Each structure stands twice: as C-alpha cells, then as structure tokens.
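Residue-level structure breakdown
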Amino acid sequence: MFIDFARIYLKAGKGGDGAVAWRREKFEPSGGPFGGDGGDGGSIILQTDEGIRTLMDFRYRRSYKGENGENGGTKKQFGKYGEDIILKVPVGTLVKDEETEGIIIDLKEPGQTYTVVKGGRGGRGNARFATATRQAPSFAEPGKEGDERGIILELKLLADVGLIGFPNVGKSTILSTISSAKPKIANYHFTTLKPNLGVVKVEEGKSFVIADIPGLIEGAHEGIGLGHEFLRHIERTSVLVHVLDISGYEGRDPIEDFHTINQELFQYNEKLKEKPQIIVANKMDIPGAEENLKRVREEFEPKGYEVLELSAATLQGLEELKYKMWDIVSKTEIDYETYDDYHIDVIEEEEDPIIVRKENGMYIVEGVFIDRLLRGTHFNNRSSVRHFQKVLRDQGVIEQLKELGIQEEDSVFISEYEFEFFE
C-alpha cells in the first residue's frame, strides 16, 4: 500500500548538566573551579532522499528520541554532544505541526535538510561562573530540555506528467509501454491502488517523469473512494494527460467521463484549471471507437484541447504522445503547489519567559527558565545563592514583584519552593 501520510512524535535530546569540580593537583593549594560544560542534546533532522518513494517506514515506528548530551566533567572537560537523528523522507514531503496543523516546511528539493526539533543546550560548569569577586562558585547550570512536538508528514508526488481518467481506461498500460515502470495491470476497476512513477526517455538529454494517478470516481473531491488520497498527487504535476476509453466498451460515454473527472479535479483545487491538459482517445483498436472519436473532437477541439488517437494495446500513437508530452513539459514552467510563504510554526531559539504574578494575595514566579535556575542553585552555598539573587534582579523579577506591591517578609512562591522577600 502507498503510504503518503504519517503522524510521528519527536523529542530532541536533553543537554548535559554542567559539573561542579575543583582543582586537586599537587602544588595547587588554592584549588579553584574546574567543572566543565555539559554537551548539547542531539537534534532530529529531516532529510529528503530521492531513493525513498513512500512514508512506509513511519508506519511501523512513530516515536523518535534524540540522544542526551553527556554531563560535564572535572578538569573543565566538556560532555559529549548527543548524536543527531536524521530521518530520511521522500522529496515532496510537507511537514505540519500535529497540534495546530500549521505548516512547518515544504521539503521539495533533493538532499534538503531541516532541523525539526533542536537538542537542548548543555549546562555551564562552575568554572564558567568564576569572576574576580567570585573565585570559587560552587554551583553549575543544568542542561536544557530538548524541543519536542508531534508532526504530520504528508507526501505529494512530484511528477512532470500525470495520467488521469476513470479506472480501467488504460493508464497503467500506457505508463508501462512508454517508461520502465512495471505497474500491475488487469481488467478490473482499481487495479492501481497507488501512484506509479516512470521515467520517459525521449532522446539523449531529454526525459521526464510521468505518474499514473489511480482512477478517480464521482465524488472523489469529497473523499469518496480513495479520492483525497489520489487527488493530492495531481496538484504538483506540470501537465495532465486525460485518458478516455474512446470505445465506450464498458457502457460509459467518453464525453461525460471527461466532464466528470475535470469537475472532481476543479472542485478539489481550482488551480488545476490552469494546468495544460491533453486528451488521449485510447482503445482505438476496438470497434465503435471511430464514432466516439468524431464526437469527442467536435466537443473539445473548438475549446482548445488537442485530441490524440491511441491504442496502448497495439502501440498505435504512443510515439506521437511521448513527443507531445515532452514538447509541453519542456515549455511549461514548473509550478508545484508549494507552501514557502506559509511557514508559521518554526521553533525559534529564544529565552524562556519568566512569569511574575499575584494571585489570591500570593506572589508567584514561574517559567522554564526559572525552574532551570532553581535546579542549578545550591542553597546551602552562599555564592550559589548570591548568583540566584543576581539573576532574579538582572531578569527584572525583583522589580516586577515590587510593582505588584510586595513587602518585606512577604512570601514568594517560585516553582514548588517558598521564599521570604528581603530587599
């Protein structure tokens, strides 16, 4: 089965904690801070790969976690960085945020990479906090948690030419004849349950990609049958080749078929009206085809459509079709339905906000930044406490508390801890 939609959960690695350590070498009686920084956590990166055609791998594994960074060591040794995870996806994969369904990025170039969740920064060791006035800091900084989010991967097929039409009109036969693709072919509806890709070589240096889009039915734009699964693959083709069963062998009228399919296309996406469309009258080898061909020409040629006669079974007209497709492809600017102007949900590297508020007479300070500060503070150590107080002042927390009306000896709740306020 062709998997072109997947939901996965990603969590980048946590940064390693900074170390509290001291110099212990002989002949260094004064010692000094010697703790190293923690390593950054591993990120998770999406990378397009032309050798991958489906999102099948994500059907069996839906959760990925980046490697944590190592903690810092003594002698100012840095912790090892967590290893990044690179997830390979097909070219043409649209990435959305699972919660908001906002578009993160459209991965449409071969070899394109994107860091979808970033590893947490490693915490600083106590050696980093040494100053002329604070020569023996006995505290370090904890590592930051990595980003995490659920994402949706949606694959929209990239092809130059899309073969469209009702089931069993001969699209797979055409594809297998003019390209190296080997789709399953049989005389029953919905033989093709996934888009098949093939490369058509016209001559040296001239080739294009063609896709056999599975047969559509009435109501496809509303999701009837496998409508939405098929229609999304048509959006990015440059040229549409509309294959009709000109023989009417199955009791359908080719003119009605044409209008029905186009109605489904245009109700799904109005922009599909702008794509060049060739009409291919297939099965010309079957009795009765000539009469229908005349009707189709009278109906569509005055409207600017070109109608080509074809018999995929006897190879009649295939060369003409191949060169006609190349002629249009070579003159048509690629206009894939891309989403470059709608990046609304990229995770930015920014400081975590500190929230200072008063609720039911209590003064509350909270936020991820403040939680990390607390975890890195040793309250039985004077210099560590001084550092804690300085950060609160530098971040404007003290000023905001005073604006809220705090008085000496009032309680301040920071995370799960209660402190008395003193100026």
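Here's what I pulled together on the structure shown here. Computed from a predicted model, the values in this text were never measured in an experiment. (Residues numbered from 1 in each chain as written. Predicted model: local features only at pLDDT ≥ 70, side-chain atom pairs only at ≥ 80, totals over all residues. Heavy atoms only, no water.)

Turning to the sheet that holds strand E2 (residues 44-48), a few remarks are in order. By definition, the strands of a sheet pair up through backbone hydrogen bonds, in either a parallel or an antiparallel sense. With mixed pairing, the three strands of this open sheet are ordered in space as E4-E2-E7. Whereas interior strands pair on both sides, the edge strands pair on one side only; in this sheet they are strand E4 (85-89) and strand E7 (113-117). Taken over all neighbouring pairs, the strand axes of this sheet differ in orientation by 30° on average, direction set aside. Relative to E4, E2 runs parallel, the two sharing five bridges. Each residue of the ladder has a partner; that of glutamine 47, found in E4, is lysine 88. (Pairing = 2+ DSSP bridges. Helix = DSSP H or I, 4+ residues; strand = E, 2+ residues; numbered from the N terminus. Axes fitted to C-alpha atoms, helices over the stretch in contact; angles between N-to-C directions.)

Right, let's talk about the packing of helix H4 (residues 254-268) against helix H5 (residues 289-300) for a bit. The geometry of H4 relative to H5 is characterised by a closest axis approach of 9 Å and an angle of 45° between their N-to-C directions. Taken as axis vectors, H4 and H5 run oblique relative to one another. Across the interface between the two elements, Pro254, Ile255, Phe258 and His259 of H4 pack against Asn292, Arg295, Val296, Glu299 and Phe300 of H5. Taken together, the residues of the contact of H4 with H5 sort by class into five nonpolar, two polar and two charged. (Parallel < 35°, antiparallel > 145°, perpendicular 65-115°, else oblique. Contact = heavy atoms within 4.5 Å. Nonpolar A, V, L, I, M, F, W, Y, C, P; charged D, E, K, R; others polar.)

The next thing to look at is the nonpolar core. Counting 35 residues, the largest nonpolar core has Ile174, Phe208, Ile210, Val241 and Met325 as its most contacted members. At the level of elements, strand E9 (161-164), helix H2 (171-178), strand E10 (196-203), strand E11 (206-212), strand E12 (239-245), H4, strand E13 (277-282) and helix H6 (318-331) are the ones that each hand at least two residues to this core. Looking at this core element by element, the count peaks at six residues for H6. Sequence-distant contacts of phenylalanine 208, defined by excluding residues within four places in its chain, comprise Asp160, Val161, Gly198, Val199, Val200, Val202, Lys322, Met325, Trp326 and Val329. Leu10, Leu46, Tyr114 and Leu153 belong to the second largest nonpolar core, which has 21 residues in total. (Core = buried A, V, L, I, M, F, W, Y, C linked by side-chain atoms within 4.5 Å. Buried < 20%, exposed > 50% of the residue type's maximum accessible area, 1.4 Å probe, protein only.)

Negative phi is the rule for most residues except glycine; trans is the rule for most peptide bonds. Backbone geometry at lysine 75 places phi at a positive 60°, although glycine is not the residue there. Its location among the elements puts lysine 75 in the loop between strand E3 (63-65) and E4. In the Ramachandran plot, lysine 283 falls in the positive-phi region, its phi being about 70° despite a non-glycine side chain. Classification of lysine 283 as buried rests on a relative accessible area of 17%.

Turning to H4, a few remarks are in order. Given a rise of 1.5 Å per residue, 15 residues ought to cover 21 Å, and the 21 Å separating the end C-alpha atoms of H4 matches this to within 8%. All of the buried residues along H4 are Pro254, Ile255, Asp257, Phe258, Thr260, Ile261, Asn262, Glu264, Leu265 and Phe266. (Expected span 1.5 Å × (residues − 1).)

Moving on: the packing of aromatic side chains. Inspection of the entire model under this criterion finds seven aromatic pairs. When the ring of phenylalanine 208 is compared with that of tryptophan 326, the centres are 6.5 Å apart and the planes differ by 20°; the resulting orientation is stacked. Remark: tryptophan 326 occurs in helix H6 and phenylalanine 208 occurs in strand E11; sequence separation between them is 118 residues. By relative accessible area, tryptophan 326 is classed as buried at 18%. Both rings, one in phenylalanine 258 and one in tyrosine 305, keep their centres 5.2 Å apart while their planes meet at 80°; by these two values the pair is edge-to-face. Of this pair, phenylalanine 258 sits in helix H4 while tyrosine 305 sits in the loop between H5 and strand E14 (307-309); the two residues are 47 residues apart in sequence, bridging distant segments of the chain. On the basis of relative accessible area, phenylalanine 258 is assigned to the buried category, the value being 2%. By relative accessible area, tyrosine 305 is classed as partly exposed at 23%. Grouping aromatic residues by their ring pairs yields a cluster made of Phe258, Phe300 and Tyr305. The ring of phenylalanine 34 carries arginine 23 above its face, with NZ or CZ at 4.9 Å from the centroid. (Phe/Tyr/Trp six-rings, centres within 6.5 Å; stacked < 30°, edge-to-face > 60°. Lys NZ or Arg CZ within 6 Å of the ring centre and 35° of its normal.)

We now examine the sheet that holds E14. Strand order in the open sheet formed by six strands is E10-E11-E9-E12-E13-E14, with mixed pairing between adjacent strands. Each end of this open sheet is capped by a strand with a single partner; those strands are E10 and E14. Strand-to-strand twist in this sheet, taken as the mean axis angle between neighbours without regard to direction, amounts to 25°. Strands in contact with H5 are E12, E13 and E14; relative to E14, the strand with the most contacts, it is inclined by about 160°.

Mapped onto the elements, asparagine 262 comes out in helix H4. When its relative accessible area of 5% is taken as the criterion, asparagine 262 is described as buried. Put simply, asparagine 262 and lysine 273 are 11 residues apart on the chain and 8.5 Å apart in space, counted from C-alpha to C-alpha. Those residues in contact with asparagine 262 that sit more than four places away from it in its chain are His242, Gln277 and Tyr305.

Where strand E15 (residues 355-359) meets strand E16 (residues 362-366), five bridges bridge the pair, whose relative direction is antiparallel. Each residue of the ladder has a partner; that of glutamate 359, found in E16, is methionine 362. Here E15 folds back onto E16, and the loop between the two strands holds two residues, one of which, asparagine 360, carries a positive phi near 50°.

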